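# Breakdown of the fold
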Amino acid sequence: MTTPASKSKRIGSRIFFYLGSAWVVVEAFSFLIERYSLDPFLLELLIILVLFGLPGTFIHTSFTGRFNKKAIGLHVLNGIVALSVLFYFMSNPLVFNPGKLRVLKLGDNKGSFESLNSVAVLPFVNNLGDDDHDYLLAGMHDGLITEIGQLGSIHVISRTSTLSYAGTNKGVRQITKELEVDAVIETSITRADTLVEVSIKLISAVPKERLLWSSSFSTSMGQLPNLYKEVTKNVALELNKVLSPEELEKLQPKRPIVPGAYEAHLRGRYYTGYLTPEGFELAKSQFEKAIAIDSMFGLPYGGLAGVLGSRRQMGYVSGAEVNPVIDRLVEKAFELDSLSAELLAGFAAHLTWTKFDWEEAERYFLRSIEMNPNDAITRAYYAHYLMIRDRWKEAWNQMEIGIELDPKNPWVVAFSSAMYFFDGKMLSASKNAELLIRMAPDHPMANEMLLGKYVALGKHDLAVEELKKFVGRTGDEKLGSMIDELYKKDDFAGTVRKLAIHIESLSNEIFVSPRIIYGLFEIIKDREKQLFWMEKMFEVSDPNLPYYAIRNSDPIQDDPTYRMIMREIGLW
């Protein structure tokens, strides 16, 4: 006779056995995904199915293994619910994150809490009395994070991942738990004319919350970079870190910057983040102003080179027009500050996407990472360099580090989504693309991802809207209404063909990026035109060209012209 106690014991043992087996299956599948470079999205689908296997165990145990009508009905219902959730998650991959349910992970060694190894710099509290200093708050926040990040022995969370804590009421213990760090740095800023007063607190959360160090500094705008160095030395001291001679050299004070130049530089960085033609123009004027005020300050030269490179990458200007200028700016920036990790990374990017100088580019990427191992953007750029070079295992290693350092950075999300796409992992590519669109709907890579997605799904009405944004980079404001008129009279393919022919003609009058025209003919699979415009991309050293060296199943890659171009840029 079955007693309630024995029945409860049987249910408990079967659930325990199921959970143990499920954990083994999830960990084994995780290993296979890593070992054979499968789409990581598949693991999340498996976890969902595992979760719905638990109710099945309850059902099966409750009916002592017998399959009567009621048991079969409940199993069918459980299966329907599981499949419904599965399909809903595939359509809406951002609604929840099954991966977070992996409480136990094989080989996951976070280290002990006997020493403090990681820190998050919270956004600066604004005591300036107005909201017109966002550029200053953002610049100082980023500057302090960058300085601490150059100490390889301290893991520092990147800026975008801490922005959500601005003005938060959450306690230190909750913040450190959510960011998975051992300590936080709280900051506030007050300004009086040309002087800036900064208050700093370093607070530990393990083994209990306690104030490790606090101080206030009063300094001029031009001395702010040296203030970051002073704070970093104190943070390292309080975290019981022994600084190497190389790290001590990085923290040596530098020549003071003319205050107006540093402020203009911060404004330039702030406007660059807009990723719009108007933002780039504002950033350009601010970087030029900084250079005019203090010609010995290296960072604005790199900032100006970055603006010109971004405008070229997005198709706003011709490489023939800006490449010589970028060359001079990069060389000048590097001449003035050869120990800046930011400028080293910029130089590496210049060598990669302008010069196609693969060996030298990698040398500078590695030097930049050595100088600041905590910079997520540099890791993402280097990951794309390695992907282009067909070194996928190394590329994913760098990208995973970048994601861990700054999972909420739109550029990191964009670069990871592109990598998933090029690696054929479409489920994860789609999930990351949706995340990017939610975070930064006007991001240029979000536009191209959406355009490709809608074309592939045959959602032409939506594709048309993204097509307007794509060709809007030509600067011709009439193209949007032209697309509407064409689409009223023709299907999507016909609209794209007529648009491509029109823009071809337009390129004789104004600069149009050959990458844009190539993309239009790529949509309608006009191979002859694609090859023609790929040659044009080669002629102007288009920075997008190296991505076409990534192997795929498209027959156009077997064309002799295509293969010749890839050999000429040193990739095949």
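The model shown is predicted, which means the values in this text are computed figures rather than measured ones.

### Observations concerning the overall build of the chain
Assigned secondary structure in the chain consists of 24 helices and six strands. A compact globule built from 572 residues would reach a C-alpha radius of gyration of about 25 Å, and the chain, at 27 Å, matches this within 12%. Based on the C-alpha atoms only, the size of the chain along its principal axes is roughly 95 × 70 × 45 Å. In the chain, which comprises 572 residues, the proportion classed as buried is 48%.

### Some remarks on helix α8 (residues 259-272)
For α8, built from 14 residues, the straight-helix expectation of 20 Å at 1.5 Å per residue is met to within 8% by its first-to-last C-alpha distance of 20 Å. Taken as a whole, α8 has its buried residues at Ala261, Tyr262, Glu263, Ala264, His265, Leu266, Gly268 and Tyr271.

### Here's the deal with the packing of helix α4 (residues 134-149) against α8
Interaxial distance between α4 and α8 falls to 9 Å at its minimum, and their mutual angle equals 90°. By the angle between their directions, the pair α4 and α8 is classed as roughly perpendicular. Contacts between α4 and α8 involve Asp134, Tyr135, Leu136, Ala138, Gly139 and Asp142 on the former and, on the latter, Glu263, Leu266, Arg267, Arg269 and Tyr270. Broken down by class, the residue content of the contact of α4 with α8 amounts to five nonpolar, one polar and five charged.

### A few points about the pairing of strand β6 (residues 210-220)
Pairing analysis gives 10 bridges linking strand β5 (residues 195-204) to β6, with the strands arranged antiparallel. Each residue of the ladder has a partner; that of serine 204, found in β6, is arginine 210. The antiparallel pairing of β5 with β6 creates a hairpin that spans five residues between the two strands.

### Quick word on the side chain of arginine 311
Here arginine 311 is to be found in helix α10 (residues 299-313). For arginine 311, a relative accessible area of 16% corresponds to the buried category. Ignoring any residue separated from it by four or fewer positions in sequence, one finds arginine 311 in contact with Phe280, Glu281, Lys284, Tyr316 and Val317.

### As for the packing of aromatic side chains
Overall, the coordinates contain 22 aromatic pairs when judged by the stated rule. Seen from their ring centres, tryptophan 213 and phenylalanine 217 are 6.4 Å apart, and the 55° between their planes marks the pair as tilted. Measuring from ring centre to ring centre gives 5.5 Å for phenylalanine 334 and tyrosine 364, while their planes differ by 85°; the resulting arrangement is edge-to-face. Of the two residues, phenylalanine 334 sits in helix α11 (residues 319-336) while tyrosine 364 sits in helix α13 (residues 358-371), which places them 30 residues apart along the sequence. By the burial criterion, phenylalanine 334 is buried, and tyrosine 364 matches it. Of the aromatic side chains, those joined through ring pairs into one cluster are Phe356, Trp358, Phe365, Tyr382 and Tyr385. One cation-aromatic arrangement involves arginine 551 over tryptophan 572; the distance from NZ or CZ to the ring centre is 3.8 Å.

### Concerning the pattern of salt bridges
Enumeration according to the criterion identifies 27 salt bridges in this entry. In this structure, glutamate 394 engages arginine 391 in a salt bridge whose closest nitrogen and oxygen atoms are separated by 2.9 Å. Judged by its relative accessible area of 24%, arginine 391 is partly exposed. Here the salt bridges share partners, and the residues they tie into one network are Asp142, Arg269 and Glu342.

### What about the confidence of the model for the chain?
Should the pLDDT be low somewhere, the predicted coordinates at that spot are not to be read in detail. The share of residues in the chain with pLDDT of 70 or more is 93%, and the mean pLDDT across the chain is 86. Counting contacts from residues 103-114, a segment whose pLDDT is below 50, to residues more than four positions away or on other chains yields nine contacts.

### Re a nonpolar patch on the surface
On the surface, a cluster of nonpolar side chains totalling about 460 Å² of accessible area is made up of Phe31, Leu32, Tyr36, Leu38 and Leu42. Considering every element that reaches the nonpolar patch, the biggest residue donor is helix α1 (residues 4-36), with three residues.

Scoring rules and cut-offs
- Per chain, residues are indexed from 1 in the order of the written sequence.
- The predicted origin of the model limits local features to residues at a pLDDT of at least 70 and limits the giving and counting of side-chain atom pairs to 80 or more, whereas totals for whole chains, interfaces and linings rest on all residues.
- In computing side-chain properties, one takes all heavy atoms of the structure into account and sets aside hydrogens as well as water.
- Under the scheme used here, helices are H or I runs from DSSP no shorter than 4 residues and strands are E runs no shorter than 2 residues, and both carry numbers assigned from the N terminus.
- In this treatment the radius of gyration is a C-alpha quantity, and the globule benchmark scales as 2.2 Å times the residue count to the 0.38 power.
- The classification of residues rests on relative accessible area computed with a 1.4 Å probe and restricted to protein chains. Under 20% of the type maximum is buried, over 50% is exposed, and intermediate values are partly exposed.
- Expected helix span is given by 1.5 Å per residue-to-residue step, counting one fewer step than there are residues.
- In this description, a line fitted to the C-alpha atoms serves as the axis of each element, helices being fitted only across the stretch in contact, and the angle between N-to-C directions of two axes falls anywhere from 0 to 180 degrees.
- Convention used here: angles under 35 degrees read as roughly parallel, angles over 145 as roughly antiparallel, angles from 65 to 115 as roughly perpendicular, and any remaining angle as oblique.
- Residues are treated as being in contact if the distance between any of their heavy atoms lies within 4.5 Å.
- Note that Gly is not counted as nonpolar here; it falls among the polar residues with everything else outside the nonpolar set of Ala, Val, Leu, Ile, Met, Phe, Trp, Tyr, Cys and Pro and the charged set of Asp, Glu, Lys and Arg.
- Each pair of strands is called paired provided DSSP finds at least two bridges between the two strands.
- In this scheme Phe, Tyr and Trp rings, the latter by its six-membered ring, pair at centre separations within 6.5 Å, and the angle between planes marks the pair as stacked below 30 degrees, edge-to-face above 60, and tilted otherwise.
- Counted as over-ring charges are cases with an Arg CZ or a Lys NZ within 6 Å of the ring centre that also lie within 35 degrees of the ring normal.
- By salt bridge we mean one thing: a side-chain nitrogen of Lys or Arg within 4 Å of a carboxyl oxygen of Asp or Glu.
- Each residue carries a pLDDT value, the predictor's own confidence for that position, ranging from 0 to 100.
- Nonpolar side chains (Val, Leu, Ile, Met, Phe, Trp, Tyr) within 5 Å and like charges within 9 Å form the patches, drawn only from residues with over 30% relative accessible area and no salt bridge.
- Computed with a 1.4 Å probe, the accessible areas rest on the Shrake-Rupley method; for each residue, only the protein chains presented here act as cover.

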